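Take a look at the letters that make up each chain.
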Amino acid sequence: MGFPADGEERARASSEDADLLGRCRDGDDAAWAALVERYSRYVYAIAVQGFRLSEHDAEDVFQDTFARVYDRLDSLRDDTAFRPWLAQLTRRLCLDRLRSNGRAEPLGEVALAEAAADELERLDEALAVRDALAELSENCREILDRFFARDESYRTIGEALQLPPGTIASRISRCLGSLRERLEGRKPAVVES
Amino acid sequence: MTTSGYDEERLGALLGALPPAPAGLVAAAAELPQTRRDLERIVQLAGEDAEFRRALLEDLESALRRAGYEPDRSIVEELRRRFPA
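### Structural notes on the overall build of chain A
Step number 1: In terms of regular secondary structure, chain A is built from 8 helices and 0 strands.
Step number 2: In sequence order, the secondary structure elements of chain A are arranged as α-α-α-α-α-α-α-α.
Step number 3: For chain A, with 193 residues in total, the buried portion stands at 36%.
Step number 4: Put simply, 66% of the contacts in chain A that link residues at least 6 apart link residues at least 24 apart.

Printed below as a string of C-alpha coordinates:
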(Lines give C-alpha, C1' and ligand atoms only; values in the text may rest on other atoms or scores of the structure.)
Protein backbone atom coordinates (compact mmCIF):
# COMPACT_ATOMS: atom_id res chain seq x y z
CA MET A 1 0.00 0.00 0.00
CA GLY A 2 1.45 3.34 -0.98
CA PHE A 3 1.16 6.63 0.81
CA PRO A 4 -1.09 9.23 -0.81
CA ALA A 5 1.76 11.73 -0.73
CA ASP A 6 4.16 9.36 -2.52
CA GLY A 7 3.68 11.11 -5.87
CA GLU A 8 4.48 14.54 -4.50
CA GLU A 9 7.50 13.30 -2.54
CA ARG A 10 8.78 11.37 -5.53
CA ALA A 11 8.42 14.35 -7.86
CA ARG A 12 10.41 16.50 -5.45
CA ALA A 13 13.01 13.77 -4.99
CA SER A 14 13.33 13.28 -8.76
CA SER A 15 13.91 16.97 -9.26
CA GLU A 16 16.58 16.95 -6.53
CA ASP A 17 18.21 13.92 -8.15
CA ALA A 18 18.34 15.70 -11.50
CA ASP A 19 19.98 18.69 -9.87
CA LEU A 20 22.58 16.51 -8.11
CA LEU A 21 23.33 14.56 -11.28
CA GLY A 22 23.86 17.75 -13.25
CA ARG A 23 26.31 18.99 -10.63
CA CYS A 24 28.08 15.61 -10.59
CA ARG A 25 28.64 15.91 -14.34
CA ASP A 26 30.17 19.34 -13.74
CA GLY A 27 32.75 17.70 -11.46
CA ASP A 28 31.17 18.70 -8.15
CA ASP A 29 32.51 16.09 -5.70
CA ALA A 30 30.18 17.31 -2.94
CA ALA A 31 27.17 16.63 -5.18
CA TRP A 32 28.42 13.11 -5.82
CA ALA A 33 28.89 12.57 -2.08
CA ALA A 34 25.34 13.83 -1.50
CA LEU A 35 23.99 11.45 -4.15
CA VAL A 36 25.80 8.53 -2.49
CA GLU A 37 24.52 9.57 0.93
CA ARG A 38 20.98 9.87 -0.41
CA TYR A 39 20.91 6.38 -1.89
CA SER A 40 23.42 4.37 0.16
CA ARG A 41 20.79 2.87 2.47
CA TYR A 42 18.50 2.03 -0.43
CA VAL A 43 21.16 0.22 -2.47
CA TYR A 44 22.45 -1.71 0.53
CA ALA A 45 18.93 -2.67 1.62
CA ILE A 46 18.08 -4.00 -1.84
CA ALA A 47 21.11 -6.30 -1.63
CA VAL A 48 20.63 -7.42 1.97
CA GLN A 49 16.87 -7.40 2.44
CA GLY A 50 15.65 -7.80 -1.14
CA PHE A 51 18.06 -10.50 -2.30
CA ARG A 52 19.36 -11.80 1.04
CA LEU A 53 22.97 -11.44 -0.03
CA SER A 54 25.71 -12.12 2.49
CA GLU A 55 27.41 -9.11 4.01
CA HIS A 56 30.46 -9.66 1.79
CA ASP A 57 28.43 -9.97 -1.40
CA ALA A 58 26.25 -7.00 -0.46
CA GLU A 59 29.38 -4.89 -0.01
CA ASP A 60 30.66 -5.91 -3.44
CA VAL A 61 27.31 -5.12 -5.05
CA PHE A 62 27.22 -1.78 -3.25
CA GLN A 63 30.67 -0.82 -4.56
CA ASP A 64 29.94 -2.06 -8.07
CA THR A 65 26.63 -0.22 -8.17
CA PHE A 66 28.07 3.18 -7.33
CA ALA A 67 31.10 2.61 -9.59
CA ARG A 68 28.75 1.94 -12.50
CA VAL A 69 26.59 4.93 -11.66
CA TYR A 70 29.71 7.09 -11.73
CA ASP A 71 30.87 5.60 -15.03
CA ARG A 72 27.46 6.14 -16.62
CA LEU A 73 26.73 9.64 -15.41
CA ASP A 74 27.06 10.99 -18.94
CA SER A 75 24.84 8.40 -20.54
CA LEU A 76 21.76 8.56 -18.31
CA ARG A 77 18.75 9.18 -20.53
CA ASP A 78 16.45 10.77 -17.97
CA ASP A 79 17.85 12.29 -14.78
CA THR A 80 14.39 12.49 -13.22
CA ALA A 81 14.11 8.70 -13.51
CA PHE A 82 17.36 8.08 -11.64
CA ARG A 83 15.85 6.15 -8.72
CA PRO A 84 14.12 3.43 -10.79
CA TRP A 85 17.22 3.17 -12.96
CA LEU A 86 19.40 2.75 -9.86
CA ALA A 87 17.03 0.13 -8.46
CA GLN A 88 17.13 -1.80 -11.73
CA LEU A 89 20.93 -1.63 -11.86
CA THR A 90 21.22 -2.84 -8.26
CA ARG A 91 18.76 -5.68 -8.88
CA ARG A 92 20.73 -6.80 -11.92
CA LEU A 93 24.02 -6.78 -10.01
CA CYS A 94 22.42 -8.76 -7.17
CA LEU A 95 21.20 -11.39 -9.63
CA ASP A 96 24.65 -11.50 -11.26
CA ARG A 97 26.15 -12.10 -7.83
CA LEU A 98 23.70 -14.88 -7.01
CA ARG A 99 24.37 -16.44 -10.40
CA SER A 100 28.13 -16.35 -9.90
CA ASN A 101 27.66 -17.97 -6.49
CA GLY A 102 25.55 -20.72 -8.03
CA ARG A 103 22.53 -19.67 -6.01
CA ALA A 104 20.44 -18.71 -9.03
CA GLU A 105 19.63 -21.28 -11.68
CA PRO A 106 18.41 -19.76 -14.97
CA LEU A 107 14.84 -20.84 -14.29
CA GLY A 108 15.07 -19.73 -10.69
CA GLU A 109 16.02 -16.16 -11.50
CA VAL A 110 12.47 -15.17 -12.35
CA ALA A 111 11.28 -16.67 -9.09
CA LEU A 112 14.06 -14.87 -7.20
CA ALA A 113 13.23 -11.54 -8.81
CA GLU A 114 9.55 -12.05 -8.07
CA ALA A 115 10.28 -12.95 -4.48
CA ALA A 116 12.34 -9.76 -4.13
CA ALA A 117 9.69 -7.60 -5.81
CA ASP A 118 7.47 -7.21 -2.74
CA GLU A 119 10.43 -6.29 -0.57
CA LEU A 120 11.68 -3.80 -3.15
CA GLU A 121 8.26 -2.18 -3.25
CA ARG A 122 8.46 -1.79 0.51
CA LEU A 123 11.92 -0.23 0.20
CA ASP A 124 10.61 2.24 -2.38
CA GLU A 125 7.92 3.23 0.09
CA ALA A 126 10.52 3.49 2.85
CA LEU A 127 12.56 5.80 0.64
CA ALA A 128 9.53 8.05 0.14
CA VAL A 129 9.15 8.20 3.92
CA ARG A 130 12.82 9.14 4.29
CA ASP A 131 12.32 11.91 1.73
CA ALA A 132 9.49 13.21 3.90
CA LEU A 133 11.66 12.80 7.00
CA ALA A 134 14.25 15.09 5.41
CA GLU A 135 11.66 17.90 5.53
CA LEU A 136 11.34 17.73 9.33
CA SER A 137 13.47 19.56 11.87
CA GLU A 138 16.98 18.25 12.53
CA ASN A 139 15.89 17.21 16.00
CA CYS A 140 13.05 15.07 14.66
CA ARG A 141 15.23 13.57 11.95
CA GLU A 142 17.85 12.60 14.51
CA ILE A 143 15.45 11.10 17.01
CA LEU A 144 13.43 9.09 14.49
CA ASP A 145 16.51 7.85 12.64
CA ARG A 146 18.32 6.88 15.82
CA PHE A 147 15.32 5.06 17.27
CA PHE A 148 13.92 3.27 14.22
CA ALA A 149 16.79 2.92 11.74
CA ARG A 150 19.76 2.69 14.11
CA ASP A 151 17.83 0.81 16.77
CA GLU A 152 19.22 2.94 19.60
CA SER A 153 17.69 2.87 23.08
CA TYR A 154 16.00 5.84 24.76
CA ARG A 155 19.03 6.08 27.02
CA THR A 156 21.53 6.22 24.14
CA ILE A 157 19.45 8.76 22.28
CA GLY A 158 19.05 10.84 25.41
CA GLU A 159 22.80 10.86 26.03
CA ALA A 160 23.60 11.71 22.40
CA LEU A 161 21.08 14.52 22.15
CA GLN A 162 21.37 15.64 25.77
CA LEU A 163 17.71 14.99 26.49
CA PRO A 164 16.17 13.28 29.54
CA PRO A 165 15.42 9.66 28.54
CA GLY A 166 11.92 10.10 29.93
CA THR A 167 11.09 12.64 27.23
CA ILE A 168 12.27 10.56 24.26
CA ALA A 169 9.08 8.52 23.86
CA SER A 170 6.87 11.60 23.73
CA ARG A 171 9.23 13.29 21.27
CA ILE A 172 9.23 10.22 19.04
CA SER A 173 5.45 10.24 19.06
CA ARG A 174 5.32 13.96 18.29
CA CYS A 175 7.86 13.63 15.48
CA LEU A 176 5.97 10.68 14.00
CA GLY A 177 2.90 12.89 14.03
CA SER A 178 4.83 15.57 12.14
CA LEU A 179 6.05 13.01 9.66
CA ARG A 180 2.52 11.72 9.14
CA GLU A 181 1.31 15.26 8.52
CA ARG A 182 4.15 15.83 6.10
CA LEU A 183 3.25 12.69 4.17
CA GLU A 184 -0.38 13.73 4.07
CA GLY A 185 0.67 17.10 2.72
CA ARG A 186 -0.88 19.03 5.58
CA LYS A 187 2.27 20.93 6.47
CA PRO A 188 4.44 21.95 3.54
CA ALA A 189 6.88 23.90 5.71
CA VAL A 190 9.61 22.54 8.01
CA VAL A 191 8.04 21.18 11.18
CA GLU A 192 9.67 21.88 14.52
CA SER A 193 9.63 19.25 17.25
CA MET B 1 -1.92 5.31 17.55
CA THR B 2 -4.41 5.42 14.68
CA THR B 3 -5.62 2.64 12.44
CA SER B 4 -4.95 4.47 9.16
CA GLY B 5 -2.10 3.74 6.72
CA TYR B 6 -0.12 6.41 8.53
CA ASP B 7 -0.15 4.86 11.95
CA GLU B 8 2.95 5.00 14.13
CA GLU B 9 3.67 1.31 13.83
CA ARG B 10 3.74 1.42 10.04
CA LEU B 11 5.81 4.59 9.89
CA GLY B 12 8.26 3.10 12.37
CA ALA B 13 8.56 -0.08 10.32
CA LEU B 14 9.23 1.90 7.14
CA LEU B 15 11.83 4.08 8.88
CA GLY B 16 13.46 0.90 10.17
CA ALA B 17 13.54 -0.63 6.69
CA LEU B 18 16.48 1.56 5.68
CA PRO B 19 19.21 1.29 8.30
CA PRO B 20 22.55 2.94 7.50
CA ALA B 21 24.87 1.10 5.14
CA PRO B 22 28.33 0.38 6.60
CA ALA B 23 30.07 3.73 7.08
CA GLY B 24 33.30 2.62 5.40
CA LEU B 25 31.45 1.58 2.26
CA VAL B 26 29.59 4.86 2.06
CA ALA B 27 32.79 6.85 2.58
CA ALA B 28 34.61 4.88 -0.14
CA ALA B 29 31.76 5.41 -2.59
CA ALA B 30 31.59 9.11 -1.75
CA GLU B 31 35.31 9.41 -2.50
CA LEU B 32 35.01 7.72 -5.88
CA PRO B 33 35.72 10.87 -7.95
CA GLN B 34 38.99 11.42 -6.04
CA THR B 35 39.82 7.71 -6.29
CA ARG B 36 39.37 7.82 -10.05
CA ARG B 37 41.58 10.89 -10.35
CA ASP B 38 44.24 9.08 -8.27
CA LEU B 39 43.97 6.10 -10.57
CA GLU B 40 44.56 8.18 -13.68
CA ARG B 41 47.52 9.88 -12.01
CA ILE B 42 49.04 6.48 -11.12
CA VAL B 43 48.56 5.20 -14.67
CA GLN B 44 50.15 8.36 -16.03
CA LEU B 45 53.07 8.02 -13.62
CA ALA B 46 53.55 4.39 -14.62
CA GLY B 47 53.68 5.46 -18.24
CA GLU B 48 56.33 8.08 -17.54
CA ASP B 49 58.45 6.30 -14.91
CA ALA B 50 59.80 2.86 -15.86
CA GLU B 51 61.03 2.21 -12.30
CA PHE B 52 57.58 2.87 -10.83
CA ARG B 53 56.00 0.71 -13.50
CA ARG B 54 58.38 -2.16 -12.63
CA ALA B 55 57.57 -1.74 -8.94
CA LEU B 56 53.86 -1.83 -9.73
CA LEU B 57 54.23 -5.08 -11.63
CA GLU B 58 56.32 -6.65 -8.87
CA ASP B 59 54.21 -5.67 -5.87
CA LEU B 60 51.33 -3.43 -6.73
CA GLU B 61 50.09 -2.64 -3.24
CA SER B 62 53.52 -1.85 -1.81
CA ALA B 63 54.35 0.36 -4.79
CA LEU B 64 51.13 2.27 -4.29
CA ARG B 65 51.84 2.82 -0.60
CA ARG B 66 55.38 4.01 -1.35
CA ALA B 67 53.96 6.48 -3.86
CA GLY B 68 51.56 7.79 -1.20
CA TYR B 69 48.34 6.11 -2.36
CA GLU B 70 46.14 3.90 -0.21
CA PRO B 71 45.61 0.67 -2.20
CA ASP B 72 41.84 0.94 -2.37
CA ARG B 73 40.22 -2.22 -3.73
CA SER B 74 38.82 -0.55 -6.84
CA ILE B 75 42.18 1.04 -7.66
CA VAL B 76 44.04 -2.24 -7.16
CA GLU B 77 41.59 -4.18 -9.34
CA GLU B 78 41.70 -1.61 -12.12
CA LEU B 79 45.51 -1.43 -12.05
CA ARG B 80 45.77 -5.23 -12.14
CA ARG B 81 43.56 -5.13 -15.22
CA ARG B 82 45.67 -2.46 -16.87
CA PHE B 83 49.03 -3.85 -15.75
CA PRO B 84 48.71 -7.64 -15.70
CA ALA B 85 51.68 -9.26 -13.92
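### Brief notes about unusual backbone geometry
Residues and elements named next belong to chain A.
Step number 1: With phi around 55 degrees, R52 is a residue other than glycine that occupies positive phi space.
Step number 2: Summarising the element assignment, R52 is placed in the loop between α2 (29-50) and α3 (55-71).
Step number 3: Take R52: there are 16 C-beta atoms within 10 Å of it, and that puts it in the partly exposed class.
Step number 4: Phi is positive for Q162, close to 55 degrees, though the residue is something other than glycine.
Step number 5: Along the chain, Q162 falls in the loop between α7 (154-161) and α8 (165-184).

### Describing the nonpolar core
Step number 1: A:A47, A:F62, A:V129, A:L144 and A:L179 are the most contacted members of the largest nonpolar core, which totals 58 residues.
Step number 2: Here this core takes 11 residues from α2(A), the largest share from any one element.
Step number 3: Domain assignment of the residues forming this core places at least three in each of domain 1 (6-134) and domain 2 (137-193) of chain A.
Step number 4: Each residue touching A:V129, except ones within four places of it in the same chain, is listed here: A:L183, B:L11, B:L14 and B:L15.
Step number 5: One finds B:I42, B:A63, B:L64 and B:L79 within the second-largest nonpolar core, a separate group that totals 6 residues.

### Structural notes on the environment of B:E70
Residue and element names in this part refer to chain B.
Step number 1: Inspection of the secondary structure assignment puts E70 in the loop between α5 (60-66) and α6 (73-82).
Step number 2: Overall, E70 belongs to the exposed group, with 11 C-beta atoms counted inside 10 Å.
Step number 3: In this structure, the C-alpha to C-alpha distance between E70 and D38, residues 32 residues apart in sequence, is 9.8 Å.

### As for the interface of chain A and chain B
Step number 1: Taken together, the 35 residues of chain A in the interface contact 23 residues of chain B.
Step number 2: If one sorts the elements of the side of chain A that touches chain B by residue count, α2(A) sits on top with 10 residues.

### Concerning the domain arrangement of chain A
By a widespread convention, an interface's size corresponds to the accessible area lost as its parts come together.
Residues and elements named next belong to chain A.
Step number 1: You can read the domains of chain A as domain 1 (6-134) and domain 2 (137-193).
Step number 2: For domain 1 versus domain 2, the separation of C-alpha centres amounts to 26 Å.
Step number 3: In this complex, domain 1 contributes 5 residues to the contact, which on the side of domain 2 involves 6 residues.
Step number 4: Broken down by element, the side of domain 1 that touches domain 2 gets its largest block of residues, 3 residues, from helix α5 (residues 106-133).
Step number 5: When its residues are assigned to classes, the side of domain 1 that touches domain 2 shows 4 nonpolar, no polar and 1 charged.

Parameters at a glance
Residues numbered from 1 in each chain as written. Chains lettered and ligands numbered in written order. Predicted model: local features only at pLDDT ≥ 70, side-chain atom pairs only at ≥ 80, totals over all residues. Helix = DSSP H or I, 4+ residues; strand = E, 2+ residues; numbered from the N terminus. Buried ≥ 20, exposed ≤ 12 C-beta atoms within 10 Å, placed from the backbone. Contact = placed C-beta atoms within 7 Å. Core = buried A, V, L, I, M, F, W, Y, C linked by C-beta atoms within 7 Å. Domains from an automatic or database assignment. Nonpolar A, V, L, I, M, F, W, Y, C, P; charged D, E, K, R; others polar.

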